[in-house]
Amino acid sequence: MAEERPGPWFGFGFCGFGQELGSGRGRQVHSPSPLRAGVDICRVSASWSYTAFVTRGGRLELSGSASGAAGRCKDAWASEGLLAVLRAGPGREALLQVWAPESALRGEPLWAQNVVPEAEGEDDPVGEAQAGSLPLLPCARAYVSPRAPFYRPLAPELRARQLELGAEHALLLDAAGQVFSWGGGRHGQLGHGTLEAELEPRLLEALQGLVMAEVAAGGWHSVCVSETGDIYIWGWNESGQLALPTRNLAEDGETVAREATELNEDGSQVKRTDGAEDGAPAPFIAVQPFPALLDLPMGSDAVKASCGSRHTAVVTRTGELYTWGWGKYGQLGHEDTTSLDRPRRVEYFVDKQLQVKAVTCGPWNTYVYAVEKGKS
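Residues numbered from 1 in each chain as written. Predicted model: local features only at pLDDT ≥ 70, side-chain atom pairs only at ≥ 80, totals over all residues. Heavy atoms only, no water.

Novice: Whenever I open this one, the overall build of the protein chain confuses me. Can you help?
Specialist: Regarding its fold elements, the protein chain presents two helices and 28 strands. The burial tally for the protein chain puts 55% of its 376 residues in the buried class. Only carbon and sulfur atoms are counted for the fraction: they give 47% of the accessible area of the protein chain, which is about 15,900 Å². (Helix = DSSP H or I, 4+ residues; strand = E, 2+ residues; numbered from the N terminus. Buried < 20%, exposed > 50% of the residue type's maximum accessible area, 1.4 Å probe, protein only. Areas by Shrake-Rupley, 256 points an atom, 1.4 Å probe, with all protein chains shown as cover.)

Rendered as structure tokens:
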């Protein structure tokens, strides 16, 4: 994890509310820029209009439309409707607080509850040392919701390791590397082959037999990374966020033709138009309701992934960052505002001899943690 290798964080993309994005001015930053807090940051959670930073010393700082600070903080999760804060309590306990972001952490929280992490141990795959960060709680038996009820229990049989929330759906990675999804499905973001909603967590049958290491939920798309470094991606492809050809970018000359599953918006067949290099109709994917295997350039293996509203970022085993999808605010980090329907390496980190270790996307921006190559 990032805490083990001190180095700077970088930001790029939308900062129209004054979010901390390095030396950015105006409404957007097109290339990675070091954050002023530098190596002190250990956790970043970005919503649309503000960002929460947690420092190594346990200080929480808000930047953007919400401002304020608090101490004794272990973790924070930002959304437009609420700010969830996990603070150190007596002994092994932690105090979960839910705040209205505009309260600036002053006065009383909207809701609070003590959380007791499960016992650590070799036989406990979801102990405190392995359970994911917010919105999954350290007890790994509940998670934080941006809408009431804020505290939502999980079924006892779900041994959660990571949980991610999109705009309308949730992804859960369990201790065995299986993926579950639930919530809204109108853009195929649940991965079950339909556009139907699921009220309860449902196993992603298309990925059974494959051990996953990480999941990421975008606005209306989903990504998971296997233990062997493969990427599986599904859901809405409106801005090329699935790295599949999309009509919107084809009209701007940014798309590329490639093989694709025969699907349209109801999941039944592909939309086609002229323009493939061999003269055949080019396939365009609006919705991909099943997980699709995605190959990165040069056969790179993935280790981490994060999704914005309509963009995707992946870190490779060698510490390179690839981004694609919606780029209107520079959130792809390629020094422009171009949207892409194919993975492209962010050259900034290569040029600076930096190894990317972590990435976290806000809806319209991206934050990256990197260290100098050769440092431990």
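Novice: Could you clarify how one ought to interpret the sheet that holds strand β15 (residues 179–183) in this entry?
Specialist: What holds strands together in a sheet is hydrogen bonding between their backbones, with the strands either parallel or antiparallel. The four strands lie next to each other as β13-β14-β15-β16, forming an open sheet whose pairing is antiparallel. This sheet does not close on itself; its edge strands, each paired only once, are β13 (160–165) and β16 (198–203). Strand-to-strand twist of the sheet, defined as the mean angle between neighbouring strand axes without regard to direction, takes the value 15 degrees. Pairing geometry for strand β14 (residues 169–174) and β15, over five bridges, is antiparallel. Note that in β15 the partner of L172 across the bridge is F180. (Pairing = 2+ DSSP bridges. Axes fitted to C-alpha atoms, helices over the stretch in contact; angles between N-to-C directions.)

Novice: Before we go on, may I ask you to explain the side chain of D174 in this structure?
Specialist: Locating D174 in the fold gives a position in strand β14. Buried charge without a partner: D174 forms no salt bridge, and the closest opposite charge is R161, 6.6 Å away. Only 3.0 Å separates the side chain of D174 from the backbone nitrogen of A176, close enough to count as a polar contact. A distance of 2.8 Å separates a polar atom in the side chain of D174 from the backbone nitrogen of Q178. Residues contacting D174, with those up to four places away along its chain left out, are R159, A160, R161 and F180. (Lys, Arg positive; Asp, Glu negative; His and termini not counted. Salt bridge = Lys/Arg side-chain N within 4 Å of Asp/Glu carboxyl O. Polar contact = N/O pair within 3.5 Å; in protein donor to acceptor, adjacent residues only side chain to side chain. Contact = heavy atoms within 4.5 Å.)

Novice: Any chance you could explain the packing of aromatic side chains here in plain terms?
Specialist: Given two aromatic rings, one states the distance between the centres and the angle between the planes to describe the pair. Taken as a whole and assessed by the stated rule, the structure comprises 17 aromatic pairs. A centroid spacing of 5.0 Å and a plane angle of 10 degrees characterise the contact between Y329 and W364, whose relative ring orientation is stacked. On the criterion of sequence distance, the pair formed by Y329 in the loop between β25 (321–325) and β26 (340–345) and W364 in the loop between β27 (354–361) and β28 (365–372) is long-range, its members being 35 residues apart. Aromatic rings pair up to connect F14, F17, W48, W326, Y329 and W364 into one cluster. Cation over ring: R310 sits above W326, and NZ or CZ is 4.0 Å from the ring centre. (Phe/Tyr/Trp six-rings, centres within 6.5 Å; stacked < 30°, edge-to-face > 60°. Lys NZ or Arg CZ within 6 Å of the ring centre and 35° of its normal.)

Novice: Is there a simple way to think about the pairing of strand β3 (residues 41–46) in this case?
Specialist: Burial runs high along β3: six of the six residues are buried. Here β3 runs beside strand β4 (residues 50–55); their pairing, made up of five bridges, is antiparallel. Across the sheet, R43 pairs through a bridge with V54, a residue of β4. From the end of β3 to the start of β4, which pair antiparallel, there are three residues.

Novice: Just to check I follow, could you spell out the pattern of salt bridges for this structure?
Specialist: Enumeration according to the criterion identifies 11 salt bridges in this entry. The partner of R345 in a salt bridge is E347, with the nearest N and O atoms 3.0 Å apart. On the basis of relative accessible area, R345 is assigned to the partly exposed category, the value being 22%. Within the structure, one salt-bridge network assembled from shared partners comprises E320, R345 and E347.

Novice: I keep staring at the pairing of β27 and nothing clicks. Help me out?
Specialist: For a regular strand, side-chain orientation follows a simple rule: the groups alternate between the two sheet faces. A large share of β27 lies buried, amounting to seven of its eight residues. Across seven bridges, the pairing between β27 and β28 is antiparallel. Note that in β28 the partner of V359 across the bridge is V368.

Novice: How should I be thinking about the layout of surface pockets in this particular structure?
Specialist: One simple way to see leftover space: roll a probe sized like a water molecule over the atoms. Estimated volume of the second largest pocket: approximately 410 Å³. Lining the second largest pocket are 21 residues, with Y143, R152, L165, A170 and W182 sitting closest to its centre. Of all elements in the fold, only β12 (151–153), β14, β15 and β16 reach the threshold of two or more residues within the lining of the second largest pocket. With three residues, the single largest contributor to the lining of the second largest pocket is β16. In the lining of the second largest pocket, the residues fall into 12 nonpolar, four polar and five charged. (1 Å grid on protein atoms, 1.4 Å probe; cavity = no way out; pocket = protein on both sides within 12 Å on 5 of 7 lines; lining within 4 Å. Points joined across faces, edges and corners; volume = space filled by probe spheres on them. Nonpolar A, V, L, I, M, F, W, Y, C, P; charged D, E, K, R; others polar.)

Novice: I tried to follow the sheet that holds strand β24 (residues 311–316) on my own but got confused; where do I start?
Specialist: Sheet architecture is open: four strands sit in the order β23-β24-β25-β26, paired in antiparallel fashion. Both edges of this open sheet fall to β23 (302–307) and β26, since each of them pairs with a single strand only. Across the sheet, the axes of successive neighbouring strands diverge by a mean angle of 15 degrees, strand direction being ignored. Pairing of β24 with β25, which is carried by five bridges, proceeds in the antiparallel orientation. Within β25, the position partnered with H311 by the bridge is G325.

Function cannot be inferred from these measures alone, as they are strictly geometric.
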